[in-house]
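# Results of the structural survey
Listed here are the chains, written in short residue letters.
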Amino acid sequence: MTGSISQQKQQLRQQMKEIRAEAAARDPDAADKLAKRFPTRLLERFGPVVAGYRAIGDELDPLPLLNRLQKDGATILLPRVEMDGAMSFRVYAGPENLVKGPFGLLQPASDADIARPGLVLAPMLAFDARGVRLGYGKGHYDRAIKELREDGPCFFAGLAYSQQQVDSIPSELHDIALDWAETPHNSVPLFLARAAPD
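The notes below deal with the structure included here.

## Comments concerning the overall build of the protein
Each helix and strand in the protein was counted, giving 6 helices and 11 strands. The C-alpha atoms of the protein give 16 Å as radius of gyration, which agrees with the globular expectation for 198 residues (16 Å, within 12%). Viewed in the frame of its principal axes, the protein has a C-alpha envelope of about 45 × 35 × 35 Å. Out of the 198 residues in the protein, the part that is buried amounts to 48%. Carbon and sulfur atoms make up 51% of the accessible area of the protein, which amounts to about 10,100 Å² in all. Mean positive and mean negative side-chain charge positions of the protein (24 and 26 charges, respectively) differ by 1 Å.

Below, the structure is given as structure tokens:
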């Protein structure tokens, strides 16, 4: 890839949207597989407050997983993009309590309780072995995770199809690396790769 880092990321976003759409079409049971195989130890270690998301487009749908985690005792939060563009995490009280937000998102209403997650599950377009996550370019998760970590630990996990793992993603200083990636077929403990000596 040539051009600036932001141009390279934009090119990769276009490619990965197509790859993700194909992966979603080939694996209609992916969300249920993810829910069944998600490691309970992540909830035990970093829960019980877990932030998920509502899938849009071809994103891997976390709803079956969130339902399972809730049955296992988790308090589920969803992101809300605030008027100033910041992202907060608010208690999910069922689909009837969601409102339309920016980018076609369904999100908690402004009067939903704000809470601090110890485990954040995020959508993405791609990830690499260093934990670099390619999102949509708005930086919501990067800023939110940075802010959460100012008050203590927060485990950052991405949910994706295995086809979304790529060799390398160009990164910038503000990019917050994933600690973990979970796919319908495998777990990728990314923090271990960063801890390994070069």
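## Quick word on the pattern of salt bridges
Within the structure shown, the criterion is met by 10 salt bridges. Here D27 ties to K33 by a salt bridge, and the two come within 2.8 Å at their closest N and O atoms. Ionic pairing is found between E82 and R80, a salt bridge with its closest N-O pair at 3.1 Å. Like R80, E82 is buried.

## Some words on helix 4 (residues 63–71)
Along helix 4, the positions that sit buried rather than exposed are L65, L66, R68 and L69. Buried positions in helix 4, seen along its axis, are confined to an arc of 160° and lie on one side of it. On its buried face, helix 4 is in contact with helix 2 (30–37), helix 3 (40–46), strand 1 (49–51), strand 2 (75–81), strand 6 (119–122) and strand 9 (155–159). Positive backbone phi, approximately 105°, marks G73, located one or two places after helix 4.

## Some remarks on unusual backbone geometry
With an omega of 10°, the peptide bond between G47 and P48 qualifies as cis. Within the fold, P48 resides in the loop between helix 3 and strand 1.

## Brief notes about the packing of aromatic side chains
Under the definition given, this model contains 5 aromatic pairs. Ring geometry for F46 against F155: centres 4.1 Å apart, planes inclined by 10°, an arrangement best described as stacked. Of this pair, F46 sits in helix 3 while F155 sits in strand 9, and the two are 109 residues apart along the sequence. Residue classification places F155 among the buried positions, given a relative accessible area of 8%. Each ring, one from F155 and one from F191, has its centre 6.1 Å from the other, and the planes form 70°; the classification is edge-to-face. Of the two residues, F155 is situated in strand 9 and F191 in helix 6 (residues 190–195); the sequence distance between them amounts to 36 residues.

## Observations regarding the sheet that holds strand 6
Taken in spatial order, the 7 strands of this open sheet run 3-2-1-6-9-10-11, and their pairing is mixed. Strand pairing shows two members of the sheet lacking a second neighbour, strand 3 (87–91) and strand 11 (187–188), which therefore form its edges. With 4 bridges connecting them, strand 6 and strand 9 associate as parallel partners. In the strand pairing of strand 9, L119 is matched with F155. Taken strand by strand, helix 4 contacts strand 1, strand 2, strand 6 and strand 9, and its axis lies near 135° from that of strand 2.

Parameters at a glance
Residues numbered from 1 in each chain as written. Predicted model: local features only at pLDDT ≥ 70, side-chain atom pairs only at ≥ 80, totals over all residues. Heavy atoms only, no water. Helix = DSSP H or I, 4+ residues; strand = E, 2+ residues; numbered from the N terminus. Rg over C-alpha atoms; globule rule 2.2 N^0.38 Å. Buried < 20%, exposed > 50% of the residue type's maximum accessible area, 1.4 Å probe, protein only. Areas by Shrake-Rupley, 256 points an atom, 1.4 Å probe, with all protein chains shown as cover. Lys, Arg positive; Asp, Glu negative; His and termini not counted. Charge placed at Lys NZ, Arg CZ, Asp CG, Glu CD. Salt bridge = Lys/Arg side-chain N within 4 Å of Asp/Glu carboxyl O. Arc of directions from axis to C-beta. Contact = heavy atoms within 4.5 Å. Phe/Tyr/Trp six-rings, centres within 6.5 Å; stacked < 30°, edge-to-face > 60°. Pairing = 2+ DSSP bridges. Axes fitted to C-alpha atoms, helices over the stretch in contact; angles between N-to-C directions.

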